[in-house]
Amino acid sequence: MFERITKLGWRVVEAALLLVVLCVLFNIILGKESGAFISSVAANALQFIQGMPPGAFLGIVLLLAIYWIVKSRIIPPTS
């Protein structure tokens, strides 16, 4: 039961992250014509990243990369 809830939680987190990344990309591509929602999500993401110290952002990115590499080598992908 706990494993199913954990998998569902990670899928929700992945979907939310994908939504933010897509909004940022659409904002870059479309500019001011992207709409209020996409512009506000991109502005919030930019403000969040700019508010973090450079070392902290780099550390988070490196930790996520290491986690992804270790996870892909230890646990075989499931379909």
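Please read these numbers as outputs of a predicted model, since none were measured by experiment.

Draft legend 1. Quick look at the pattern of salt bridges. The full count for this structure, using the stated rule, is one salt bridge. With a closest N to O distance of 3.6 Å, Glu-3 and Lys-7 form a salt bridge. With Glu-3 and Lys-7 both in helix α1 (residues 2–30) and four residues apart, the pair spans about one turn of that helix. On the basis of relative accessibility, which here comes to 48%, the residue Lys-7 falls in the partly exposed class.

Draft legend 2. Up close: a nonpolar patch on the surface. A contiguous nonpolar surface patch, about 870 Å² in accessible area, is contributed by Leu-17, Leu-18, Val-21, Leu-22, Leu-25, Phe-26, Ile-28, Ile-29 and Leu-30. Positionally, Leu-17 belongs in helix α1.

Draft legend 3. The arrangement of α1 in detail. The terminal C-alpha atoms of α1 lie 42 Å apart, and with 29 residues this matches the ideal 42 Å at 1.5 Å per residue to within 8%. Immediately beyond the C-terminal end of α1, within one or two residues, lies Gly-31, with a positive phi of roughly 70°.

Each value, and the rule that gives it
Residues numbered from 1 in each chain as written. Predicted model: local features only at pLDDT ≥ 70, side-chain atom pairs only at ≥ 80, totals over all residues. Heavy atoms only, no water. Salt bridge = Lys/Arg side-chain N within 4 Å of Asp/Glu carboxyl O. Helix = DSSP H or I, 4+ residues; strand = E, 2+ residues; numbered from the N terminus. Buried < 20%, exposed > 50% of the residue type's maximum accessible area, 1.4 Å probe, protein only. Patch = residues over 30% accessible without salt bridge, like charges linked within 9 Å, V, L, I, M, F, W, Y side chains within 5 Å. Areas by Shrake-Rupley, 256 points an atom, 1.4 Å probe, with all protein chains shown as cover. Expected span 1.5 Å × (residues − 1).

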